[in-house]
Amino acid sequence: YTPIIFIFLASILLVILIPFINYDPLALPVQLFIALVTFYAISSIIYAKEIYKIAKESYKDLNLNIKDVIFSLGRIFAFITSISPFIFYYFFKGLISNTKVYIVTPKGGNKIKSKTCNILIILIFGLIFLISSIIYLLHQYYFSSLWLFFYSTNFLYTTYRHYNL
């Protein structure tokens, strides 16, 4: 969970820094940016192919194709990103808490209320990151804007999928 927590905190930090900075905190030299994008693209292709091989062998009866596997990986990434505020909260709550609390699975109305509250939190974070992305774009801080835009799409996609299943 550590990478998820750090990425979430870094994104929150970008949102907080907007009124205090006069530069793009994620700006990179063009050569480094191209190198990182190339590395990321190659590693993503290799990762997707490996997952595809595993999925094809494990689920022979599903008749999966590479497109299905890539879309599934994207959905999983979006869902994991969208629960990062909860991972952050419960991780640190666990570190500072001295007592162990065992929660019984809620029944009935509590379950619905909890799901609604969670999806609203996810939507709020998605909107915060999207608005921050637009503010960075208006200041012509393209790298930070792009990062926050892509990050916000994970939260907004999860909200969309929740209401359109």
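Our structure is the block above this text.
Since the model is a prediction, treat every value here as computed from it, not as a measurement. (Residues numbered from 1 in each chain as written. Predicted model: local features only at pLDDT ≥ 70, side-chain atom pairs only at ≥ 80, totals over all residues. Heavy atoms only, no water.)

## Digging into the layout of surface pockets
To find leftover empty space, one rolls a probe the size of a water molecule over the atoms.
Logical step 1: In this model, the largest pocket occupies a volume close to 1,400 Å³.
Logical step 2: Contributing to the lining of the largest pocket are 32 residues, with Tyr40, Ser44, Phe77, Trp147 and Phe150 lying nearest its centre.
Logical step 3: Where the lining of the largest pocket is concerned, the elements lending two or more residues are helix 1 (2-17), helix 2 (30-58), helix 3 (66-82) and helix 6 (142-163).
Logical step 4: With eight residues, helix 2 is the single largest residue contributor to the lining of the largest pocket. (1 Å grid on protein atoms, 1.4 Å probe; cavity = no way out; pocket = protein on both sides within 12 Å on 5 of 7 lines; lining within 4 Å. Points joined across faces, edges and corners; volume = space filled by probe spheres on them. Helix = DSSP H or I, 4+ residues; strand = E, 2+ residues; numbered from the N terminus.)

## Describing the packing of aromatic side chains
Logical step 1: By the definition in use, this model includes 15 aromatic pairs.
Logical step 2: Plain terms: the ring middles of Tyr89 and Tyr90 are 4.8 Å apart, the flat faces sit at 80 degrees to each other, and that makes the pair edge-to-face.
Logical step 3: Here Tyr89 falls in the partly exposed class, since its relative accessible area comes to 46%.
Logical step 4: Both rings, one in Phe129 and one in Phe155, keep their centres 5.4 Å apart while their planes meet at 45 degrees; by these two values the pair is tilted. (Phe/Tyr/Trp six-rings, centres within 6.5 Å; stacked < 30°, edge-to-face > 60°. Buried < 20%, exposed > 50% of the residue type's maximum accessible area, 1.4 Å probe, protein only.)

## Observations concerning the nonpolar core
Logical step 1: Counting 15 residues, the largest nonpolar core has Phe129, Tyr136, Leu148 and Phe155 as its most contacted members.
Logical step 2: Secondary structure elements with two or more residues in this core: helix 1, helix 5 (109-138) and helix 6. (Core = buried A, V, L, I, M, F, W, Y, C linked by side-chain atoms within 4.5 Å.)

## Some remarks on the pattern of salt bridges
Logical step 1: Enumeration according to the criterion identifies one salt bridge in this entry.
Logical step 2: Lys53 serves as the salt-bridge partner of Glu50, at 3.2 Å between the closest nitrogen and oxygen. With Glu50 and Lys53 both in helix 2, this residue pair falls three residues apart, about one helical turn.
Logical step 3: A relative accessible area of 38% means that Glu50 is categorised as partly exposed.
Logical step 4: Overall, the relative accessible area of 45% leaves Lys53 in the partly exposed class. (Salt bridge = Lys/Arg side-chain N within 4 Å of Asp/Glu carboxyl O.)

## Some points on helix 1
Logical step 1: For helix 1, with 16 residues, the first-to-last C-alpha span of 22 Å sits near the 22 Å given by 1.5 Å per residue.
Logical step 2: For helix 1, the complete set of buried residues consists of Ile5, Phe8, Ser11, Leu14 and Val15. (Expected span 1.5 Å × (residues − 1).)

## A few points about a nonpolar patch on the surface
Logical step 1: A cluster of nonpolar side chains, Leu28, Val30, Leu32, Phe33, Ile34, Leu36 and Val37, forms an exposed patch at the surface whose accessible area comes to about 570 Å².
Logical step 2: Looking at the secondary structure, you find Val30 in helix 2.
Logical step 3: Exposure remark for Val30: the relative accessible area of 56% places this residue in the exposed category. (Patch = residues over 30% accessible without salt bridge, like charges linked within 9 Å, V, L, I, M, F, W, Y side chains within 5 Å. Areas by Shrake-Rupley, 256 points an atom, 1.4 Å probe, with all protein chains shown as cover.)

## A word on unusual backbone geometry
Logical step 1: Phi is positive for Gln140, close to 65 degrees, though the residue is something other than glycine.
Logical step 2: Within the secondary structure, Gln140 is located in the loop between helix 5 and helix 6.
Logical step 3: The exposure class assigned to Gln140 is exposed, which follows from its relative accessible area of 55%.

## Some remarks on the packing of helix 1 against helix 4 (residues 84-96)
Logical step 1: With their axes 9 Å apart at the nearest point, helix 1 and helix 4 run at an angle of 110 degrees to one another. Taken together, the axis directions place helix 1 and helix 4 in an arrangement best described as roughly perpendicular. Note on packing geometry: the crossing formed by helix 1 with helix 4 is left-handed. Residues Ile4, Ile5, Phe8 and Leu9 of helix 1 form the contact with helix 4, whose own contacting residues are Ser84, Pro85, Ile87, Phe88, Phe91 and Phe92. (Axes fitted to C-alpha atoms, helices over the stretch in contact; angles between N-to-C directions. Parallel < 35°, antiparallel > 145°, perpendicular 65-115°, else oblique. Left-handed = near helix turned anticlockwise from the far one by under 90°. Contact = heavy atoms within 4.5 Å.)

## A closer look at helix 4
Logical step 1: Spanning 13 residues, helix 4 covers 18 Å between terminal C-alpha atoms, matching the ideal 18 Å at 1.5 Å per step.
Logical step 2: If you check which residues of helix 4 are buried, you get Ser84, Pro85, Phe86 and Ile87.

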